[in-house]
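# Examining the three-dimensional arrangement
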Amino acid sequence: MKNLVLGISLATNVALAYLLLQDKDQLKELQSRADNAADKVAGKAEQIKGAITGDTGDKLKGNWDEGKGEAKDLVDDVRKDFEADPKE
């Protein structure tokens, strides 16, 4: 499971390296989204592990990690809305 998350992280870093010379704002947003997605994937993997082993602690930790990724996505969306909405 950790190897899956590491693989996703590696692929994301390669994509980020390519975009490094492109647009720094877009790069920052993409990196944030990738980190959030990694939290969600790690949380889902932990939930599955807990379901297989019957360990309630793993399930709860997975729920927490997945929720953390979703909350960070919401914060990013709100930040993006404030930046896009010019004050008149």
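See the structure printed just above.
To start, this report covers the structure provided alongside it. (Residues numbered from 1 in each chain as written. Predicted model: local features only at pLDDT ≥ 70, side-chain atom pairs only at ≥ 80, totals over all residues. Heavy atoms only, no water.)

Below, the discussion takes up the pattern of salt bridges. The final tally for this structure, using the stated rule, is nine salt bridges. Linking arginine 33 and aspartate 77 is a salt bridge whose minimum nitrogen-to-oxygen distance equals 2.3 Å. Of this pair, arginine 33 sits in helix α2 (residues 24–53) while aspartate 77 sits in helix α3 (residues 56–84); the two residues are 44 residues apart in sequence, bridging distant segments of the chain. On the basis of relative accessibility, which here comes to 34%, the residue aspartate 77 falls in the partly exposed class. Between lysine 61 and aspartate 65 there is a salt bridge, with its nearest N and O atoms 3.1 Å apart. (Salt bridge = Lys/Arg side-chain N within 4 Å of Asp/Glu carboxyl O. Helix = DSSP H or I, 4+ residues; strand = E, 2+ residues; numbered from the N terminus. Buried < 20%, exposed > 50% of the residue type's maximum accessible area, 1.4 Å probe, protein only.)

Attention now moves to the side chain of glutamate 66. Topologically, glutamate 66 is positioned in helix α3. By relative accessible area, glutamate 66 is classed as buried at 17%. At 2.7 Å, the side chain of glutamate 66 forms a polar contact with the side chain of glutamine 47. What glutamate 66 contacts, discounting residues up to four positions off in sequence, is Asp39, Lys40, Gly43, Lys44 and Gln47. (Polar contact = N/O pair within 3.5 Å; in protein donor to acceptor, adjacent residues only side chain to side chain. Contact = heavy atoms within 4.5 Å.)

Quick look at α3 now. Taking 1.5 Å as the rise per residue, α3 with 29 residues should run 42 Å; its terminal C-alpha atoms sit 42 Å apart, in good agreement. As for α3, its buried residues are in contact with α2. Between the side-chain oxygen at the start of α3 and the backbone nitrogen of glycine 57 there is a gap of 3.0 Å, and the oxygen is on aspartate 55. (Expected span 1.5 Å × (residues − 1).)

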